[in-house]
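# A closer look at the structure
Spelled out, the chains give:
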Amino acid sequence: MKWWQNAVIYQIYPRSFQDSNGDGIGDIPGIISRLDYLQELGIDAIWLSPVYESPNDDNGYDISNYQAIHPEFGTMDDMDRLIEEAKTRNIRIVMDLVVNHTSDEHKWFVEAKKGRENPYRDYYIWRDPVDGQAPNDLGSTFSGSAWTFDEASGQYYMHLFSKKQPDLNWENETMRQEVYDMMNFWLDKGVGGFRMDVIDLIAKVPDHKITADGPKLHAYLKDMHEQTLKDREVMTVGETWSATPESAKLYSDPDRNELSMVFQFEHMMMDEQPGKSKWDLKELDVVDWKEVLTKWQVELKEDGWNSLFWNNHDTPRVVSRWGNDKDYRVESAKCFAILLHLMRGTPYIYQGEEIGMTNRHVTSIDEVDDIESRNMYAERLAQGYSKADILKSINVKGRDNARTPIHWNQTDQAGFTEGTPWLKVQPNYKEINVEQALADKDSVFYTYQKLIQIRKENPAIVWGSFNLLLPEHPTVFAYERLYKNEKWVVVTNLSADSQIVSFETIKDQGNVVVSNYDRSSLNWSDLTLKPFEAMAVQFV
Ligand code: GLC
Ligand code: CA
């Protein structure tokens, strides 16, 4: 077994986690001060969103120096101390590896811009204009064209994200070698691995408008593994919006020596209108959604590994998205926790999820920080959408939803900072905060703590097979896990209405291991589930 196979990973978005010096920006010393809390939760590793030097066009996902810490987050000494302090608590630090692109302020790009003969020119993707225009109509994820014209050299450079995030040219072997050297620099410091930002895009073929899953992708990953990860006890998780179960097996089959696992997003895109964008909303069809999640559980059983997550710094918070953050906040937060954490794979918790933090709400674009939402707002306004419609999409799907500061306690600014936070603290911090959660034995926090413990103590949760139960039920998501002579049944009601269900084949009572309502007796053939009720029952 690899250490990450029964591990739970906690994502920290450092700007919003804990400020230590009153400048309103979370930082590394702040994280260190909260390690005891994370140890109490029981997590095994932290995925740390970028803390490198960056002009912050995309909050750190635009890196200007991979081997330096952004002064707003601290120093390299702080970083070394974080790795050390985490290690004494059996927590590993997984770094964010952003190598699809750099910042336009990275030394490589500054050099590359000096002219066509510069040795760094080929580290990036340059094309001549076609008929005085961009080479093709490839678009950027952050609105507009993926091509920006560079006056000085008369060529366009490519960027799948903002124009301050030029894409690296992975065809260039010297560039690849520099990336591997940089990875080894971090690995030699003792980090626990990497989360690889949009890694499915690195092998793009711009002239054929191929962006994700390019033909050389797996060759690059194998080469990377050979030169950096091999013979080290580390984990890697690729961010792959394009992944299918078939490609996920290519990435994560241990015999192929590429990655430990990938984040797949199929279940995260099902409340969007097909063929449109993430901003074009649609109700989630739970029956379809169950089918998709089941497909991933079943197909990656033999020669692959799943990652399990409901949210991250790019998505809304699950309790607001699919739960009910008004009448059943605590119940639905626990319900989604139980549903996820007893599946097969490695679960991820996004900071604040463990206390049931909610989406934030804005009434004006002035309150929005995120470049993706701001660019979309400008684009749609020009296309004639109403402000109200655009703000509605932002309130439902915008990335700032999950980026507000963590609520630590009831004091001013929720104990996040003694200054003015870079993004407003949410008004509900007096009711939802860590101090309150720790003091209440029925809080969402203790359900997460218990679920992490259950995974550690029960090989059935790590290795058991997965079968969906009641596949046609419109709101109840139920499944069983089978391992040796052991069986677990997980039943969750993803709705605010009671449901009556029947499991004719279950005869024994079983032992309720975790639930979000009191459950002393169970009548399996006539089971009434309360709003967002969830339970896991073990049969041995
Ligand atoms: C990934 C990151 C996101 C970032 C983008 C560009 O999707 O998670 O935050 O904006 O890549 O780096
Ligand atoms: Ca700070």
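An unreviewed UniProt entry annotates the protein chain as Glucan 1,6-alpha-glucosidase of Alkalibacterium olivapovliticus.

Let us look at the coordination of the calcium ion (ligand 2). For the calcium ion (ligand 2), the protein coordination sphere consists of Asp19 (OD), Asn21 (OD1), Asp23 (OD), Ile25 (O) and Asp27 (OD), at 2.3 Å. Mapped onto the sequence, the donors of the calcium ion (ligand 2) take the spacing D-x1-N-x1-D-x1-I-x1-D. For Asn21, a relative accessible area of 51% gives the class exposed.

Of all residues adjacent to ligand 1, which total 14 residues, the nearest are Asp58, Asp197, Glu239, His313 and Asp314. Between an oxygen atom of ligand 1 and a side-chain N or O atom of His313, the distance comes to 2.9 Å. When ligand 1 is considered free in solution it has 310 Å² of accessible area, and contact with the protein chains removes 97% of it. Among the residues forming the shell around ligand 1, the class breakdown is 4 nonpolar, 3 polar and 7 charged.

The residue Gln264 is located in the loop between β11 (261-263) and α8 (286-299) in this model. Look at Gln264 and you get buried, because its relative accessible area is 4%. In this structure the side chain of Gln264 is engaged in a polar contact, spanning 3.1 Å, whose partner is the side chain of His267. For Gln264, the residues in contact, after removing those within four places along its chain, are Thr240, Ala243, Trp296, Ser307 and Phe309.

By domain assignment, the protein chain separates into domain 1 (8-101 + 173-448), domain 2 (107-158) and domain 3 (465-539). Of note, the centres of domain 1 and domain 3, computed from C-alpha atoms alone, are 30 Å apart. Contacts between the two partners involve 24 residues from domain 1, matched on the other side by 28 residues from domain 3. For the pair domain 1 and domain 3, the summed buried surface comes to about 2100 Å²; carbon and sulfur atoms form 74% of the total. When the buried surface of domain 1 facing domain 3 is broken down by residue, Lys290, Ile338 and Leu342 rank first, second and third, together holding 28% of it. Our count for the domain 1 to domain 3 interface comes out at 0 salt bridges. Inspection of the region where domain 1 meets domain 3 yields 8 residue pairs in polar contact (both at pLDDT 80 or more).

What counts and how
Along each chain, residue indices are assigned from 1 in the same order as the chain's sequence is written. Each chain is given a letter, starting from A, and each ligand a number, starting from 1, according to the order in which they appear as written. Residue-level local features of this predicted model are given only where pLDDT is at least 70; pairs of side-chain atoms are given and counted only at 80 or more, and the full residue set underlies all totals for whole chains, interfaces and linings. Note that water and hydrogens are dropped before the side-chain values are worked out from all heavy atoms of the structure. In this description, a donor is an N, O or S atom within 2.8 Å of the metal centre, a cutoff extended to 3.2 Å for sodium, potassium and calcium. Water is not part of the atom list, which can make sites seem incomplete. A 1.4 Å probe rolled over the protein chains alone gives each residue an accessible area, and that area as a share of the maximum for its type sets the label: buried under 20%, exposed over 50%, partly exposed in between. Summary of the distance rule: residues count as near a molecule or strand when at least one heavy atom falls within 4 Å of that molecule or strand. Any pair of N or O atoms that falls within 3.5 Å is considered a polar contact. Within protein, one atom must be able to donate a hydrogen and the other to accept it, and sequence-neighbouring residues count only if both atoms are side-chain atoms. Residue-level accessible areas treat just the shown protein chains as cover; the underlying method is Shrake-Rupley with a 1.4 Å probe. Charged residues are taken to be Asp, Glu, Lys and Arg, nonpolar residues to be Ala, Val, Leu, Ile, Met, Phe, Trp, Tyr, Cys and Pro, and polar residues to be all remaining types, Gly included. A run of H or I in DSSP counts as a helix once it spans at least four residues, and a run of E counts as a strand once it spans at least two, with each numbered from the N terminus. Pairs of residues are marked as contacts when any of their non-hydrogen atoms sit within 4.5 Å. Where each domain starts and ends comes from a domain assignment, either automatic or drawn from a database. Buried area is understood as the total, over both parts, of accessible area removed when two parts are fitted together, assessed with a 1.4 Å probe. A pair is scored as a salt bridge if a Lys or Arg side-chain nitrogen falls within 4 Å of a carboxyl oxygen belonging to Asp or Glu.

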